[in-house]
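Breakdown of the fold
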Amino acid sequence: MNNEIIEKLKFDSKGLIPAVVQDFYTNEVLTVAYMNRESLQITLDEKMTCFYSRSRQELWRKGETSGNRQHIVSIKADCDFDALVVKVIKDGPACHTGNESCFFNLLYADDKKTDFSIDGLYELIKGRKTQMQDGSYTTYLFQKGLDKIMKKVGEECTEVIIGAAKHSKEETIYEISDLAYHVLVLMVEMEISLDDIRKELDSRHVIDHKVKQETMQ
């Protein structure tokens, strides 16, 4: 904890400072909330976000009722010390609407540029299950069920191996993309989130780092 930075923070006339909350894994902006000195101290002490509600005029710990808590990874102040960026690992959706982020109302998007992300593809696939569309291959897989989805994952694994055995980079990229898509369908079917996978990989990274340190001693 950098007490020197904390002392430099500039709270507004109401004793508040804006906090931009970001997902640690994806860097997606989850929400913008406000903290006062007390809520910031609670956040630092408990390592979970605590904000000040301007409408209710009281402290509130994120996830206190929903269970969607946000675990602190880092907190940074801007160059003027009047705003914070808080990176978190979240237990569930950040928005009270059930969306992963509070920022989901699109005002404008450049049609010439695609903003692809694995998270966006996952949400699209998830939508095909909750709101099934006629003619959609993804919907077809969900209608057929787990056995069909598992079969497709197995088939795509084989196709990846065949492409790699040919030493064909182009074919292997194509088949890995097919495999990744079908794995995402499997994840949605089994209610496995991308955060579940990120947390598992992150835990392995920590273990690998500890083993590396031990071997260097």
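Below you will find a few notes about this structure. (Residues numbered from 1 in each chain as written. Predicted model: local features only at pLDDT ≥ 70, side-chain atom pairs only at ≥ 80, totals over all residues. Heavy atoms only, no water.)

Our focus in this paragraph is the overall build of the protein. Broken down by element type, the protein carries 7 helices and 6 strands. Order of helices (α) and strands (β) in the protein, N terminus to C terminus: α-β-β-α-β-β-β-β-α-α-α-α-α. A compact globule built from 217 residues should have a C-alpha radius of gyration of about 17 Å, whereas the protein, at 22 Å, is more than 25% larger. Projecting the C-alpha coordinates of the protein onto the three principal axes gives extents of approximately 65 × 55 × 35 Å. Burial analysis of the protein (217 residues in total) assigns 30% to the buried set. (Helix = DSSP H or I, 4+ residues; strand = E, 2+ residues; numbered from the N terminus. Rg over C-alpha atoms; globule rule 2.2 N^0.38 Å. Buried < 20%, exposed > 50% of the residue type's maximum accessible area, 1.4 Å probe, protein only.)

With that out of the way, let us pick up the layout of surface pockets. Of the pockets and cavities examined, the largest pocket occupies roughly 920 Å³. Along the wall of the largest pocket there are 31 residues; nearest its centre are Glu28, Glu100, Asp119, Gly120 and Glu123. Of the residues in the lining of the largest pocket, the class split is 8 nonpolar, 10 polar and 13 charged. Lining the second largest pocket are 22 residues, with Thr31, Phe51, Arg56, Trp60 and Lys62 positioned closest to its centre. Of all elements in the fold, only strand E2 (29–35), strand E3 (50–53) and strand E4 (58–61) reach the threshold of two or more residues within the lining of the second largest pocket. With 4 residues, E2 is the largest single contributor of residues to the lining of the second largest pocket. Looking at the lining of the second largest pocket residue by residue, the class counts come to 9 nonpolar, 8 polar and 5 charged. (1 Å grid on protein atoms, 1.4 Å probe; cavity = no way out; pocket = protein on both sides within 12 Å on 5 of 7 lines; lining within 4 Å. Points joined across faces, edges and corners; volume = space filled by probe spheres on them. Nonpolar A, V, L, I, M, F, W, Y, C, P; charged D, E, K, R; others polar.)

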